[in-house]
Amino acid sequence: MSRRIALPLLAVVGVGLAIGTVMLGDRTPPGASAVLNPVVSPFLTSVAGAGIVEASSENIAIGTPVSGIVTAIAVKWGDHVKSGDLLFKIDDRDLQGQLLVANAKVKEAEAGLAKVKNLLNVGEGLGKGTSISVVDLANRRFDVGINEGIVASAKAQVDQLKSEVDRRTVCAPLAGRILQIKIHPGEYAQSGVVNPSLMLLGDDTRLHVRVDINENDAWRIKPTASAMAYVPGNPDLSVRLRFERIEPYAVPKVSLTGESTERTDTRVLQVLYSFERGELPIYIGQRMNAHVDAPAAGGVEAQPGSTIVAKPREGAK
């Protein structure tokens, strides 16, 4: 192919490519389709709130009354335990050594008591004032009383040490499921530490949802009102809630949803609802969206297709 034909041909191809690139760049990209449908309240007028799933017994942070090295953990994540079941043990070898000495002192005190009791029995069999003096017999009775006190003190020392050993054995305060374990054998467990807890326990036979209601909507909440909760990420997973209680103290809001209109200084009323554990594939600690059937903000029951207008107070212009 001669140069006179090739150069114009290349120029035409280059122009075509340029035009095609411009046309493709000017096309509006297709809008991203919504993966999930938004949650729509099942009630005509409702109050929405964010809720946290928790155990019906509340989430109990297990601690230890005595600091020390963890020697054994008797449970695993998800285990069901009964009240009084062993959870973990703190090193008690120092107390076990003291307990051996204390038990030996009990035997020593009991032997001393048996000796003075024998002397008293012999003295009481003798003639008073002739074979044994009245004072000596009285002293033998006093010796028995003193040694009885020594025995009682030695046994009390043993009981005290056993109580200290028991304090290093942490047991379940109630029946429930092990939700979280934050300790391992060989680690040092600090007493009095609540956050993070050494172990988390809760009764999950029925789950609670702690719903934060904005203080401005608190007056609209009625214990008899119906309520629904939805799993974030899948609005098709919902459950009807049963009212449990209202905690009658408004607290600062700590569970933030990230909405741009959300105030961080808002106080909320915490309302607890419940549902059966098997009704939803959800875990303790997850967040849920709740809707509570409530009258409209103006205090007037809404009608389909109507506009709510708040009724002015008497005397207001």
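Each remark here, short or long, concerns the structure printed above.
All values reported here derive from a predicted model rather than from experimental measurement.

So, how was this worked out
Residues numbered from 1 in each chain as written. Predicted model: local features only at pLDDT ≥ 70, side-chain atom pairs only at ≥ 80, totals over all residues. Heavy atoms only, no water. Helix = DSSP H or I, 4+ residues; strand = E, 2+ residues; numbered from the N terminus. Buried < 20%, exposed > 50% of the residue type's maximum accessible area, 1.4 Å probe, protein only. Areas by Shrake-Rupley, 256 points an atom, 1.4 Å probe, with all protein chains shown as cover. 1 Å grid on protein atoms, 1.4 Å probe; cavity = no way out; pocket = protein on both sides within 12 Å on 5 of 7 lines; lining within 4 Å. Points joined across faces, edges and corners; volume = space filled by probe spheres on them. Nonpolar A, V, L, I, M, F, W, Y, C, P; charged D, E, K, R; others polar. Contact = heavy atoms within 4.5 Å. Phe/Tyr/Trp six-rings, centres within 6.5 Å; stacked < 30°, edge-to-face > 60°. Expected span 1.5 Å × (residues − 1). Pairing = 2+ DSSP bridges. Core = buried A, V, L, I, M, F, W, Y, C linked by side-chain atoms within 4.5 Å.

**Student:** Can you walk me through the overall build of the protein in this structure?
**Tutor:** Per the secondary structure count, the protein includes 3 helices and 15 strands. Expressed as a percentage of its 317 residues, the buried residues of the protein come to 30%. Accessible surface, the protein as shown: approximately 20100 Å² in total, 56% of it carbon and sulfur.

**Student:** I would appreciate a short explanation of the layout of surface pockets in the present structure.
**Tutor:** Take a probe with the size of a water molecule and roll it over the atoms, and the empty space left behind shows itself. The calculated volume of the second largest pocket comes to roughly 230 Å³. Lining of the second largest pocket is provided by Arg177, Leu179, Asp204, Leu207, Arg277, Pro281, Ile282, Tyr283 and Ile284. Across the lining of the second largest pocket, the residue classes tally to 6 nonpolar, no polar and 3 charged.

**Student:** Please explain the environment of Ala250 as it appears in this structure.
**Tutor:** Tracing the sequence through the fold places Ala250 in the loop between β12 (234-246) and β13 (251-252). As a C-alpha pair, Ala250 and Ala218 span 32 residues in sequence and 9.2 Å in three-dimensional space. When near neighbours in sequence (up to four residues on either side) are disregarded, Ala250 contacts Arg267 and Val268.

**Student:** Please clarify how the packing of aromatic side chains should be interpreted in this entry.
**Tutor:** The geometry of two aromatic rings is summed up by the distance between their centres and the angle between their planes. The tally for this structure, following the rule as stated, stands at 1 aromatic pair. On the basis of an interplanar angle of 75° and a centroid distance of 5.9 Å, the ring pair of Phe243 and Tyr273 is categorised as edge-to-face. With Phe243 in strand β12 and Tyr273 in strand β14 (residues 267-276), this pair connects stretches of sequence that are 30 residues apart.

**Student:** I would appreciate a short explanation of helix α2 (residues 93-124) in the present structure.
**Tutor:** Spanning 32 residues, α2 covers 47 Å between terminal C-alpha atoms, matching the ideal 46 Å at 1.5 Å per step. The complete set of buried residues in α2 reads Leu95, Leu99, Ala102, Val106, Ala109, Leu113, Val116, Leu120 and Gly123. In this structure, the buried side of α2 is in contact with α3 (134-167).

**Student:** What should I look at first to understand the pairing of strand β11 (residues 227-231) in this one?
**Tutor:** Sheet faces and side chains relate simply in a regular strand, where the side chains alternate between the two faces. Counting buried residues along β11, 5 of its 5 residues qualify, which places the element largely inside the surrounding structure. Here β11 shows no split at all, with Ala227, Ala229 and Val231 on one side and Met228 and Tyr230 on the other all buried. Examined bridge by bridge, β11 and β12 share 5 bridges and lie antiparallel to one another. The residue of β12 that forms the bridge with Met228 is Arg240. Counting the residues that bridge the hairpin from β11 to β12 gives 2 residues, and of these Gly233 lies at a positive phi of roughly 95°. Bridge analysis of β11 against strand β15 (residues 287-293) gives 4 bridges, and the strand direction is antiparallel. Residue pairing for β15: Ala229 is matched across the bridge by Ala290.

**Student:** So what exactly am I meant to see when it comes to the nonpolar core here?
**Tutor:** Inside soluble globular proteins, nonpolar side chains tend to come together where they are buried. Formed by 23 residues in total, the largest nonpolar core has its most connected members in Leu241, Tyr273, Phe275, Ile282 and Met288. At the level of elements, β1 (46-55), β10 (206-214), β11, β12, β14 and β15 are the ones that each hand at least two residues to this core. Setting aside chain neighbours within four positions, we find Leu241 in contact with Val209, Ala227, Met228, Ala229, Tyr273, Ser274 and Phe275.

**Student:** Would you take a moment to explain the sheet that holds strand β8 (residues 188-189) for this structure?
**Tutor:** What links the strands of a sheet is backbone hydrogen bonding, and the strands pair in either a parallel or an antiparallel sense. If you trace the 4 strands from one edge of the open sheet to the other, you get β6-β5-β3-β8, paired in antiparallel fashion. Each of the sheet's edge strands pairs with one partner strand only, and the pair in question is β6 (169-171) and β8. Strand direction decides the pairing type here: strand β3 (residues 68-73) and β8, joined by 2 bridges, are antiparallel. Of the residues in β8, the one forming a bridge with Ile69 is Tyr188.

**Student:** Where do I start with unusual backbone geometry in this structure?
**Tutor:** Comment: phi is negative for the bulk of residues other than glycine, and the bulk of peptide bonds are trans. For Glu58, which is not glycine, the phi torsion reads 70° and is therefore positive. By secondary structure assignment, the location of Glu58 is in the loop between β1 and β2 (60-62).

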